[in-house]
Each structure stands twice: as structure tokens, then as C-alpha cells.
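# Summary of structural features
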Amino acid sequence: MENEYVIQNGEPILEIKDLSVSFDTTRGRLNAIRGVNLTLHKGETVAIVGESGSGKSVTVKNVMGIASSNQVVNSGEILYTYVDNGEKKTVDLLKYTKKKLIREINGKHIAMVFQDPMTALNPLFTIGYQLSEGLMLHKKMSKKEAWARSAELLEEVGITDPELCLKRYPHQLSGGMRQRVVIAIAVSCDPDILICDEPTTALDVTIQAKILELIQEMQRKKNISVIYITHDLGVVAKVADFVCVMYAGKIVERGTAQEIYFNARHPYTWGLLLSMPDLSTKDDRLYTIPGSPPNLLHEVKGDAFAARNAYALEIDFEEEPPMFRLSDTHEVASWLEHPDAPKVDVPEELQRRLEHMRSKSRAPEGGNADE
Amino acid sequence: MSDQDYILQVKDLKQYFYPDRKHVVKAVDGVSFNVRRGTTFGLVGESGSGKSTIGKDLIRLNDPTSGSILFNGEEIAGKMRRERIKNLTSKMQMIFQDPMASLNPKKKVIDIVAEGLDANHLYSSREERTEKVCRMLETVGLSREFANRYPHMFSGGQRQRIGIARAIIMDPDLIIADECISALDVSIQAQVVNLMKDLQDARKLTYVFIAHDLSMVKYISDYIGVLHLGHMVEMGTKDDIFDHPIHPYTKSLLSAIPEPNPETERVRKVQGYDYFTSGIDYDQGTEHFLNETHSVLCTDEEFARWTI
């Protein structure tokens, strides 16, 4: 097959364009996502960060077609590009019916790792059954082949006795092991895209790092593009190439990990960075973002973050800020970037931390990090 | 140092479970520690290390297998008289991990918070009860109108505040906070932790803070105990633990803390620690002191090797 098309690294494979989603609730229509644009390139890792209720999970659930039934898609498209029989194809996932999506896309092309491995696995079936199920369905393997492949997969994700593990039920495994099994299931059919929805929140620190390293290893080996959803900025720093900060159903800042951590421009991003205790903090109090996120049942006038923003300008309460472009990769939705806006400096505590971080990254790695 | 300074003295606490006739689970196996009045003692360790079991032993949700627990100088590990149980349950309170699961969804906030008052008849009239609850809600940063609402009407952070209000309305000396912020968002975590610190200053509270998030533990604790497989492997002030860790398990835990810095984070490798291949036997180890506060569980030979 000489002229088989291969998607090169850096080509876009998933484009979410102007996605807007509402939910019909008993208290009225809730605008959960208000125009999200996101592009995922081949081989890249994008992280979406934000508080609960900012719409990060809803965004990716639409990609998988597993959104709840009271959802209404107002506008937008989700373009997915893949290679089928050597040809490049681009489809709009929102136009697919749920059935078609589950049969043709899910698992085979786009797979997902959920937060809680216990609820993601079926307690009534053995690990082997759940792993070989997808292989038999999508890869058309026989039962025997699928079983053998399952054992290989378990070995790949670092489970020591795969044959034994295949015969076990989910409740017989520890939390970390379960998440390894879920990852094995997710990568079993060689997907192009892996979506990880808070993959480590339910696990403790020591295992968290191992699972993240496992996902990274799988990503490198199989050249998968990954979308992470998380509120843990430590996790994001470890894995992400690009970071999207989401607030009240919109992406308010996006950029490379470097740009977001060292040169954040949106006050909300500052708040997020500051509310994480860093090990050098000597302060008596942690910084908190005042107030709470807006109720999306009501229409948001102006900037959704304005009421909690110490740097809010008058225009923030009247008009929604557009995306201001700072570099090829860095965009911010904040009026502070407007040429006429007053100059605002990064909060002092954040500046101190950034100094500390910069000096650390410049200094030669000592101790544990240099292996 | 007189015994008066310690609100809690735990000595050789053991908690075994017998899931069936053949097996014994040694969830806590000979743990000793002291908590000074007005300070915060952080208990850290991975899941299954026994940190929650210790918390439950302290407040007597479990009956300890053996060992002694002195609370305000009184023994609370064995059988107790009724008055002592009553004293214990009002002077020691607990905040749980999942605020939704720990609040009764069928009760109004006012009844949830007033439960301790009801049990101990600490009011003379209905108005006084309402007033006490409302004042407490305001102390934890909630509006008094919330008293007649149900738990599902609140966000996660607000629910945790209700849990805190319920704990402090009894005016306790000691609060056991079992992973009380792990289920919350980062920005909400900060709010709850700040509230806990304020309350500590205002009411001279002592906390036993159980968590696996080490950066938060460092921030809130004065003393830290590192647990692994039911043993206290290292104990000391937070600077002892974070700046001069001795035990390989502590080092491995510390190396696992994620840092919000993409440059260092990318190259960071977690130091592995496997008890079963490391050749360390916790049962052989004894407490070795590096200084007055900092102690490690190890044998003489290991102590010499680790402290070079």
C-alpha cells in the first residue's frame, strides 16, 4: 500500500468549532458551553483546566457522544479527521447518531479513560472479558486471539501477572491496578485520540505519578493524541503541551504550557495558579478567588468573570471580551489586553513564585530529578 | 514538657481486623504519637496505610485492639463509662471526606448542625437552638437563611462548610479532618483550608489532619507523621520531614508531589519504593531520634546507612 495516507504529526485531527451546548432543566435552560473552539493536532497533548461546572467534561462528552439526554446543541461542529482504507476522511461527529458514533468511532478511533475506575468497569464480568470485548468487536479477532492480546496489553500497562489478572473481577484489584486496566482497555484498539477525564483524581499521589507516566508512555509508543481534563495544575504541568483554561463555558486563555505557567495574562488563570499551595509558600493564608462562578441559567452579560475579578474594568460588565492574540499560540479573552486598557501587573505573590520557579528550572537538576 | 501540653497521647496503638478465620489484617500496628494543644498534626500515607483507621480509632468509631490513647489526660482506648463517652464525643469531632455522603439528605441544615446540641440538651428554648445554629453558620461563612435548606441545594465547598459548622458547634478541643478537602476543587480547597486556619486561631483548636495531598499537608500542619502499612515510618515537624527526609518511603512520597512548573515537572521522575523488595522490615525497626522532634522507624544498621 504505497499511497496510503498517513496523518503527519502536527496536522489537526480534532477540531471543535464554536460549540455551544445547553441543558433543559426544570429551572430553565442552562447554557453550559458558550462557544468553545479547540484544535487537537496529531501527537499533541491538550489539557483543559477549570473549576467544576466550567463545562470541561461536557465538551469532551460531546466528542464521545455520551452527553446526557436533556442536552441541546445550539451550534458548532466537531470535525474529526482519520484515515480509512488509506484515504483521509473528515467527519462531523455532531451529525452522527449516538448508535453510529458508538459503533464506528468510540473505542476504535476515540477512547476515554474515566475518573473512577470502579464505576468504569463492570463488576459482573472478569477483566479478561471486558478487555477482549472491544478487540473482538473492532479488530474482528477470535476469542482466543483476543484473550492472548489482552494478556499482552496488561503486560504493557505494567501488571505483573497478566494471565491471573485476566481471570479476576474488578473488585479484586486495587485502585491503581484498576486504572491500569481501564487504560489497557482504552488503548486496546489503537485509537487516534485518548480522552482522560480526571484520570488520577481518585488515586493517591504515589500512584498518580505512575499512572500519568504510563499514559505518556502509551502515547509515545502508539502515537496517540491526548486530551486531559483536570483541575490539578500539577498534573497539567507534567503532561500538557497546550493548556486551555475554561471558565463558565468558555475558554478564557489558551497557550503552551510554558506560556500559561510563566506568562499567564488572564486574572482567572492567576487565581488558579495562586490557589495551589506551592512548597515554598511561607504565607499564612492561601490565595482564594472571591465569590463563586456565575449561574449559567441566567444570561451572562459582559465578562463572566468580571464580578470576581479584582482587575475588572467598566467594559467587563457590559461587553464580552474577544480573544486577544499575544503570540501564535497564546490567546486571552480579557479586556486588559486591549491597547487602551490600563497596564496591570501580575500579582506580587505570583511574581515571587515565578521567580522561584525560573531559578529552579535554570539551576542544574539536583536530587531525584536527574535520573 | 509536661503532659498538660499534649491533648492527645497515642501509645503503641494496634488495630487488627479479622476478615475470616484464617486472615488477620494489621491495619495499624504499633503506632505512637503525641499531639500538642493548639497545633495541627498531619497524617500522610498512601491508601491502605492505616491513616483513616487511626482517625476512627481516636474518635472510637473502631475499638482499638490494644494500646493506649490519652485524650486530655484521660484513657479512652478501653471500655469507658457513659459520662466519659459523652465527654469524648462532644470534645472530639470529625469532618469527613465526602460532604454529600456525610450530610443526611433528608434533614435540613439546621437539624444537621444542631444534632450535637440535641443529643446533649445544650439549649433551653427553640429560639436559642436556632440562634446558636445561625451564629455558627455565619462563623463558617454561610448566610443564616441557609438554615432551612437541604444539603443538595449547596455546592461542594458550602457543604464542607456545613460539615465544619456541625463539628465546631460543640466547641470541641480536637477535630479529626479525614481527607476533608480531597473531594473539592483547587480554588475551593484553598477557601476551606483558610477557614480551618481562622477557626484554629480563634478557638484554639487542635487538628489531626489526614490527607494524601502533601502540598496541602505541608501548608496546614505543624507536625507530620508518615504512615506506611500500619507503621509510623517517620515523624517530625514539617521542616524536618520536607527538608531532611530520612526514610526511603518518605523520600518517595515527597518525590511524587506534582509541581506547577512545566519545566521541572517534565523531567521529574518519581522515586520508587517497594517495601517487599527493599529489604526493610518494619517489625524489626525501632524509633531512632535525629533531634527532639524528628524520629524514624528503622534498625540501627539502617539508621547508620540512611543518615550518612
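Here goes a summary of the coordinates provided.

Calculation rules
The residue count restarts for each chain, going from 1 along the sequence in the order it is written. As they are written, the chains are lettered A onward and the ligands numbered 1 onward, keeping that order. Residue-level local features of this predicted model are given only where pLDDT is at least 70; pairs of side-chain atoms are given and counted only at 80 or more, and the full residue set underlies all totals for whole chains, interfaces and linings. Hydrogens and water molecules were not included; the side-chain quantities draw on all heavy atoms of the structure. Runs of E in the DSSP output that reach at least two residues are strands. Runs of H or I that reach at least four are helices, and both are numbered from the N terminus. With C-alpha atoms as the basis for the radius of gyration, the globule rule is written as 2.2 Å multiplied by the number of residues raised to the power 0.38. Residue exposure (1.4 Å probe, protein chains only): buried if accessible area is under 20% of the type maximum, exposed if over 50%, otherwise partly exposed. Contact criterion: two residues are considered in contact whenever any of their non-hydrogen atoms come within 4.5 Å of each other. Surface exposure here means Shrake-Rupley accessible area, sampled with a 1.4 Å probe, where a residue is shielded only by the protein chains that are shown. This count recognises Lys and Arg as positive and Asp and Glu as negative, with His and chain-terminal groups excluded. A charged residue contributes its charge at one atom only: NZ of Lys, CZ of Arg, CG of Asp or CD of Glu. By the convention used here, strands pair only if DSSP detects at least 2 bridges between them. Axis definition: a line fit to C-alpha positions, over the contact stretch in the case of helices; interaxial angles, taken between N-to-C directions, run 0 to 180 degrees. Here a cavity denotes grid points, spaced 1 Å and computed from the protein atoms alone, that fit a 1.4 Å probe unable to get out, and a pocket denotes an open set having protein on both sides within 12 Å along at least 5 of 7 lines; residues with an atom within 4 Å of a point are the lining. Grid points are joined across faces, edges and corners, and a volume is the space filled by probe spheres set on the points. When residue character is reported, Ala, Val, Leu, Ile, Met, Phe, Trp, Tyr, Cys and Pro are called nonpolar, Asp, Glu, Lys and Arg charged, and the others, Gly included, polar. Working rule for helices: expected span equals 1.5 Å times residues minus one. Residue types Ala, Val, Leu, Ile, Met, Phe, Trp, Tyr and Cys, when buried and joined through side-chain atoms within 4.5 Å, form a set referred to as a nonpolar core. In what follows, salt bridge is the name for a side-chain nitrogen of Lys or Arg lying within 4 Å of a carboxyl oxygen of Asp or Glu.

So, on to the overall build of chain B. Regarding its fold elements, chain B presents 14 helices and twelve strands. A globule of 308 residues ought to have a C-alpha radius of gyration of about 19 Å, and chain B, at 20 Å, matches this closely. With the C-alpha coordinates aligned to their principal axes, the bounding extent of chain B is approximately 65 × 55 × 45 Å. For chain B, with 308 residues in total, the buried portion stands at 54%. Put simply, 63% of the contacts in chain B that link residues at least 6 apart link residues at least 24 apart. Element-wise, carbon and sulfur atoms account for 48% of the exposed surface of chain B, whose accessible area totals about 13,900 Å². Of the charged side chains in chain B, 38 are positive and 44 negative; the average position of the first set lies 7 Å away from that of the second.

To continue, consider the sheet that holds strand S4 (residues 71-84) of chain A. Residue and element names in this part refer to chain A. Read across the open sheet, the four strands follow the order S2-S1-S4-S5; overall the sheet is antiparallel. The outermost strands of the open sheet, each flanked by one partner alone, are strand S2 (28-41) and strand S5 (87-92). Mean inter-strand twist for the sheet, computed between neighbouring axes without regard to direction, equals 10°. On the sheet, helix H1 (residues 56-64) packs against strand S1 (12-25), S2 and S4 and is oriented at approximately 110° with respect to S1.

The next subject is the sheet that holds strand S1 (residues 6-17) of chain B. Residue and element names in this part refer to chain B. Strand order in the open sheet made by the four strands is S2-S1-S4-S5, with antiparallel pairing throughout. Each of the sheet's edge strands pairs with one partner strand only, and the pair in question is strand S2 (25-36) and strand S5 (74-75). Bridge count between S1 and strand S4 (residues 66-71): five bridges; the pairing is antiparallel. Residue pairing across strands places Leu8 opposite Phe71, the latter belonging to S4. Sitting on the sheet, helix H1 (residues 51-58) is in contact with S1, S2 and S4, with an inclination near 115° to S1.

According to the stated counting rule, one finds four cavities of 30 Å³ or more in the structure shown. Along the walls of the largest cavity sit Tyr261, Leu273, Asp278, Leu350, Arg353, Leu354 and Met357 of chain A together with Pro260 of chain B, which together make up its complete lining. With four residues, helix H12 (residues 348-362) of chain A is the largest single contributor of residues to the lining of the largest cavity. Classifying every residue of the lining of the largest cavity gives six nonpolar, no polar and two charged.

Residues and elements named next belong to chain B. Helix length check: helix H8 (residues 186-203), at 18 residues, gives a terminal C-alpha distance of 26 Å against a target of 26 Å (1.5 Å per residue), a fit within 8%. For H8, a buried count of 14 out of 18 residues is recorded, marking the element as mostly surrounded by other parts of the structure. Within two residues after H8, Lys204 carries a phi angle of roughly 55°, on the positive side.

Next up on the list: the pairing of strand S12 (residues 295-298) of chain B. Remember that side chains alternate between the two faces of the sheet whenever the strand is regular. Residue and element names in this part refer to chain B. Alternating residues of S12 divide into Ser295 and Leu297 and Val296 and Cys298, and every residue in both groups is buried. With two bridges joining them, strand S10 (residues 231-237) and S12 adopt antiparallel strand pairing. Following the sheet pairing, Glu234 is matched in S12 by Val296. Two strands pair when backbone bridges link them, and strand S11 (residues 286-289) and S12 are joined in this way by four bridges, in the antiparallel orientation. When the bridges of S12 are listed, Glu287 appears paired with Leu297.

A few words now on the nonpolar core. Residues and elements named next belong to chain A. Grouped together as the largest cluster of nonpolar side chains are 72 residues, with contacts concentrated most on Leu154, Leu194 and Tyr261. A total of six residues in this core trace back to one element, the largest contributor, which is helix H7 (residues 175-187). Every residue in contact with Leu154, bar those within four places of it in the chain, is listed here: Ile127, Leu131, Ile159, Pro162, Cys165, Leu166, Val181 and Ala184.

Let's shift gears to the pattern of salt bridges. Applying the stated rule across the entire model yields 32 salt bridges over all chains. Ionic pairing is found between Lys88 of chain A and Glu11 of chain A, a salt bridge with its closest N-O pair at 3.4 Å. One end of the pair, Lys88 of chain A, is in strand S5; the other, Glu11 of chain A, is in the segment before S1, and 77 residues separate them in sequence. Glu115 of chain B is the partner of Lys107 of chain B in a salt bridge, and the nearest nitrogen-oxygen pair spans 3.3 Å. Judged by relative accessible area, Lys107 of chain B falls into the partly exposed class, the value being 29%. Salt bridges here are not isolated pairs; linked through shared partners, they connect Lys139, Arg149, Glu152, Glu156, Asp190 and Lys222 of chain A.

No statement about biological role is implied by the geometric values presented.
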